[in-house]
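Listed here are the chains, written in short residue letters.
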Amino acid sequence: MQVCGLWPFGAGSGTPGVGVPLGRSLAGGATVCCDPISWFTRANLLLNPSEFVLGKPGLGKSTIVRRQALGLAGYGVNPVVFGDLKPDYVDLIQALDGQVITLGRGRGYLNVLDPGEVTEAAARLPLKARQALLAEAHGRRLNAVASLITVLRGQPPTDREESILNAALTVLHDRHDGVPVMADLVRLLREAPDPVRAVALDRGDLARYRDITEGLEASLVGLLGGGRLGELFAHPTTEAMHHDRPVCFDVSSIDDSEGQLQAAALLACWSYGFGAISVAQALADAGLEPQRHYFVILDELWRVLRAGRGLVDRVDALTRLNRQRGVGMAMITHTMSDLLALPTEEDRMKAKGFVERAGMVICGGLPAAEMPQLTEVVSMTESEQQIITDWSTPPSWDSETGTDSAPPGRGKFMVKVGGRPGIPVQVELTPSELRINDTNRKWTT
């Protein structure tokens, strides 16, 4: 009488077997395979190929993303790291025979006005595709310059200043032979060409034009080497990015005390890197090159968002342009508090949107205080929340060796997709990965 009412017996579903193998499920020991691109293209579990990774420092956020990058490289996807501050990914990219571009004071320069391979690629494209690529490149340059000004000022340029910048960049593109640098943009602004004066609404009065553009000119002069951001963006690009291999922009030489320069470098790398990917995709769409897929890693997201009011919009504009064009993405930060510590409510809501729009959310150990904010955007049961907070417990002290034992949450993550039950997983590294996985190498003798 009991059994006939229970049939068919209920049983939990197994973990997905599609994607990069991460380790064992903590709920049953089954192998867990997970990455945003495989779950989007092959398993049809995600609405877009992106993930947001949260967790306290030292528990392995970079480790799980490195494992995904390594596995995806085996599937033919190029991992690209647009700004490595520690560095966490340089050894991996070198092991994959990729390109490491070093940037920093006296180490390398990145010209945000450099369109990269856009000009050469556009000449190979049909008219409509050429116009689209050039227009997108122009938009990226405008967004990049406005982003640097925002970091320098702590607030975005005004609508009028953006219109002036837009007109000046258009004139500069038409008049300048070769690749312009920031000094060329300042020089053109001072020359006061008619298209720029028309946008500035100077009413035919040159003195009025000078007054209107003085603040903008002062900010651009600050990017020529005399300001807080140094000469990093004032010279021609030291090394062009290749779009046919793994790439890492190494900005680890920039000290943590230079927060503005770190944020500006990350923004510039993101803009330049996405521009290179756009070129590759445009050539592939035209049948001129093979179709390539990319796994873009945006680490230390909080450093950029906190650098100035309105930068959330800049980051959103950068990341949206390639979201559905053969690009998977991992955005990494420590806690939800990093996103919600922004000065305005508008920016805070937009920052929460990064998590809400992510195809999957991967959580490492987090303090209990984070749970109310996290559950506003990610559905979690009380038991899942308890597991994540338990992982944030500090390591115990080993009295015999006089050292800390391993933190209880190291390498443990909860994978959440929509309203589905979370998958708790322990990431397991191979001996080959351990050799390129030491993020504390500077402390190793």
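Our subject is the structure that appears above.
Keep in mind that this is a model prediction, so the values were computed, not measured.

Caption draft 1: Molecular detail of the overall build of the protein. Within the protein, the regular secondary structure consists of 18 helices and 13 strands. For 445 residues, the compact-globule estimate of 2.2 N^0.38 gives 22 Å, and the protein sits close to it at 24 Å. Once the C-alpha set of the protein is aligned to its principal axes, its extents read approximately 90 × 55 × 45 Å. For the protein, the proportion of contacts with a sequence separation of at least 24, taken over those separated by at least 6, is 71%. Total accessible area on the protein stands at roughly 19700 Å², and carbon and sulfur atoms take up 52% of it.

Caption draft 2: Highlighting unusual backbone geometry. Note that the residue after Lys86, namely Pro87, is joined by a cis bond; omega there is -5°. By secondary structure assignment, the location of Pro87 is in the loop between strand S4 (77–84) and helix H4 (90–95). Phi at Leu201 is positive, roughly 60°, even though this residue is not glycine. Not every positive phi belongs to a glycine, and Arg203 is a case in point at roughly 60°.

Caption draft 3: Broad picture of the packing of helix H8 (residues 182–191) against helix H10 (residues 206–226). Interaxial distance between H8 and H10 falls to 10 Å at its minimum, and their mutual angle equals 165°. As judged from the angle between their axes, H8 and H10 are roughly antiparallel. For H8 against H10, the interelement crossing comes out left-handed. Side by side, H8 and H10 meet where Met182, Ala183, Leu185, Val186, Leu189 and Arg190 of the first sit next to Tyr209, Arg210, Leu216, Glu217, Leu220, Val221, Leu223 and Leu224 of the second.

Caption draft 4: Summary view of the state of the cysteines. Applying the stated criterion across every chain, the model contains 0 disulfides. With no disulfide partner, Cys34 has as its closest neighbouring cysteine sulfur the one in Cys33, 8.9 Å distant. Cysteine Cys363 shares no disulfide, and the gap to the nearest cysteine sulfur, in Cys34, comes to 12 Å.

Caption draft 5: Seen up close, the side chain of Glu370. Tracing the sequence through the fold places Glu370 in the loop between strand S9 (360–363) and helix H16 (371–375). What makes Glu370 buried here is its relative accessible area of 5%. Not counting residues within four places of it along the chain, the set of residues in contact with Glu370 comprises Thr335, Met336 and Ser337.

Caption draft 6: Inspection of the pairing of strand S12 (residues 412–416) at higher detail. Among the 5 residues that make up S12, 5 are buried, leaving the element largely enclosed by the rest of the structure. Judged by which residues are buried, S12 turns out to be covered on both faces: Lys412, Met414 and Lys416 on one side and Phe413 and Val415 on the other are all buried. In terms of strand pairing, S12 meets strand S13 (residues 423–427) through 4 bridges, oriented antiparallel. In the strand pairing of S13, Met414 is matched with Pro424. Linkage of S12 to S13, two consecutive antiparallel strands, is achieved through a turn of 6 residues, within which Gly418 is found at a positive phi near 55°.

Caption draft 7: Inspection of the nonpolar core at higher detail. Within the largest apolar cluster, 90 residues are counted, with the highest numbers of intra-cluster contacts made by Phe82, Leu185, Leu220 and Trp270. Considering every element that reaches this core, the biggest residue donor is helix H11 (residues 259–285), with 14 residues. The residues contacting Leu220, other than those within four sequence positions of it, are Val145, Ile149, Leu165, Met182, Leu185, Val186 and Leu189.

Caption draft 8: Examining H8 more closely. Buried within H8 are the following residues: Met182, Asp184, Leu185, Val186, Leu188 and Leu189. Residues of H8 that are buried make contact with helix H6 (127–153), helix H7 (159–175), helix H9 (194–200) and H10. With its phi angle positive at about 55°, Ala192 sits one or two positions after the end of H8.

Caption draft 9: Structural detail: the sheet that holds strand S1 (residues 21–25). Spatial strand order, S2-S1-S13-S12-S9-S3-S8-S7-S4-S6-S5: 11 strands in an open sheet with mixed pairing. Of all the strands in the sheet, the pair left with one neighbour each is strand S2 (31–33) and strand S5 (99–102). Going across the sheet, the axis of each strand differs from the next one's by a mean of 25°, ignoring polarity. Running over the sheet, H11 touches S4, strand S6 (247–250), strand S7 (293–298) and strand S8 (327–332) and is turned about 155° from S4.

Caption draft 10: Summary view of the packing of aromatic side chains. All told, the structure shown has 3 aromatic pairs when counted by the stated rule. Between Phe82 and Phe274 the ring centres are 5.5 Å apart and the planes differ by 70°, which places this aromatic pair in the edge-to-face class. You can see Phe82 sitting in strand S4 and its partner Phe274 sitting in helix H11, a full 192 residues away along the chain. Among the residues examined, Phe82 registers a relative accessible area of 0% and is labelled buried.

The rules behind these values
- Residues numbered from 1 in each chain as written.
- Predicted model: local features only at pLDDT ≥ 70, side-chain atom pairs only at ≥ 80, totals over all residues.
- Heavy atoms only, no water.
- Helix = DSSP H or I, 4+ residues; strand = E, 2+ residues; numbered from the N terminus.
- Rg over C-alpha atoms; globule rule 2.2 N^0.38 Å.
- Contact = heavy atoms within 4.5 Å.
- Areas by Shrake-Rupley, 256 points an atom, 1.4 Å probe, with all protein chains shown as cover.
- Axes fitted to C-alpha atoms, helices over the stretch in contact; angles between N-to-C directions.
- Parallel < 35°, antiparallel > 145°, perpendicular 65-115°, else oblique.
- Left-handed = near helix turned anticlockwise from the far one by under 90°.
- Disulfide = S-S within 2.5 Å.
- Buried < 20%, exposed > 50% of the residue type's maximum accessible area, 1.4 Å probe, protein only.
- Pairing = 2+ DSSP bridges.
- Core = buried A, V, L, I, M, F, W, Y, C linked by side-chain atoms within 4.5 Å.
- Phe/Tyr/Trp six-rings, centres within 6.5 Å; stacked < 30°, edge-to-face > 60°.

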